[in-house]
Amino acid sequence: VRTIGEIDWYDYYQLEDIYAHLDRLAVENPYVEVIKYGQSYESRDLKVVKISKFCETGETKPIIFIEANTHAREWITSAIATYIINEILCGTLQERLDQFDFYIVPVGNPDGYVYSHTEIVMEDDSEIGRTPTEKRI
């Protein structure tokens with residue numbers, strides 16, 4: 001049984017699951033800060049994840065900015081963004097923290113993302129009758 005805030009990359013998650021995951025990472029990792037930078041039209045939080053390691057020389061590092069899920073049904077982009085965050089913190093991209101600061105927006109359109117999970121039924125013939133949040137067998 002999965003708890004809120006735990007995600008993997010075998011499924012697409014609801015907005016609250018993604019945000020809970022990001023908040024958990026910020027608590028567990030000193031390099032992570034979740035910044036609320038506004039609210040959507042429907043009053044959902046807009047969040048960016050800042051991942052930054054202190055630079056011993058005091059110099060500023062170049063920034064890499066990634067924005068995912070600009071369009072409502074681009075669910076894969078949020079999954080990719082959270083995967084990149086994972087790789088920066090504990091995977092193949094860890095060494096890049098010495099070179100760059102990262103700002104990642106995993107869900108740039110939270111209203112559309114929620115709507116596409118709750119209101120839109122997939123249009124592909126192979127998906128008829130299945131709501132977007134039901135898993136395939």
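Refer to the preceding data block for the structure.
Okay, so let's go over this structure. (Residues numbered from 1 in each chain as written. Predicted model: local features only at pLDDT ≥ 70, side-chain atom pairs only at ≥ 80, totals over all residues. Heavy atoms only, no water.)

## Here's the deal with the overall build of the chain
When its secondary structure is counted, the chain shows three helices and four strands. Moving toward the C terminus, one meets the helices and strands of the chain in the order α-β-β-β-α-β-α. Looking at the chain as a whole, 37% of its 137 residues qualify as buried. For the chain, long-range pairs separated by at least 24 residues make up 62% of all intrachain contacts whose partners lie at least 6 apart in sequence. Accessible surface computed for the chain: about 8,600 Å², of which carbon and sulfur atoms make up 52%. (Helix = DSSP H or I, 4+ residues; strand = E, 2+ residues; numbered from the N terminus. Buried < 20%, exposed > 50% of the residue type's maximum accessible area, 1.4 Å probe, protein only. Contact = heavy atoms within 4.5 Å. Areas by Shrake-Rupley, 256 points an atom, 1.4 Å probe, with all protein chains shown as cover.)

## Describing helix 3 (residues 110-118)
Buried residues dominate helix 3, accounting for seven of its nine residues. Taken as a whole, helix 3 has its buried residues at Pro-110, Asp-111, Gly-112, Tyr-113, Val-114, Ser-116 and His-117. Looking at the packing, one finds that the buried side of helix 3 touches helix 1 (15-28), strand 2 (45-51) and helix 2 (75-90).

## Section: the sheet that holds strand 4 (residues 101-105)
Here we have four strands laid out as an open sheet, ordered 1-2-4-3, and mixed in their pairing. Edge positions in the sheet fall to strand 1 (32-39) and strand 3 (63-67), since each of these pairs with one other strand and no more. Looking at each pair of strands side by side, their axes are set apart by 20° on average, direction ignored. As judged from the seven bridges shared by strand 1 and strand 2, these two strands associate in the antiparallel manner. Looking across to strand 2, one finds that Glu-33 is bridged to Lys-50. Each of strand 1, strand 2, strand 3 and strand 4 is contacted by helix 2, which is oriented at about 155° to strand 4, the strand it contacts most. (Pairing = 2+ DSSP bridges. Axes fitted to C-alpha atoms, helices over the stretch in contact; angles between N-to-C directions.)

## Considerations on the packing of helix 1 against helix 2
Any two packed helices are characterised by the angle at which their axes cross and by the distance between the axes. Between helix 1 and helix 2, the least distance of the axes is 12 Å, while the angle of their chain directions is 10°. When the interaxial angle is binned, helix 1 and helix 2 end up roughly parallel. Crossing of helix 1 over helix 2 shows left-handed handedness. Contacts between helix 1 and helix 2 involve Ile-18, Leu-22 and Leu-25 on the former and, on the latter, Ser-78, Thr-82, Ile-85 and Leu-89. In terms of residue class, the contact of helix 1 with helix 2 is built from five nonpolar, two polar and no charged. (Parallel < 35°, antiparallel > 145°, perpendicular 65-115°, else oblique. Left-handed = near helix turned anticlockwise from the far one by under 90°. Nonpolar A, V, L, I, M, F, W, Y, C, P; charged D, E, K, R; others polar.)

## Some thoughts on the packing of aromatic side chains
Counted under the stated rule, the structure contains three aromatic pairs. With a centroid separation of 5.5 Å and an interplanar angle of 85°, the aromatic rings of Trp-9 and Tyr-83 are classed as edge-to-face. Of this pair, Trp-9 sits in the segment before helix 1 while Tyr-83 sits in helix 2, and the two are 74 residues apart along the sequence. With relative accessibility at 32%, the residue Trp-9 sits in the partly exposed group. (Phe/Tyr/Trp six-rings, centres within 6.5 Å; stacked < 30°, edge-to-face > 60°.)

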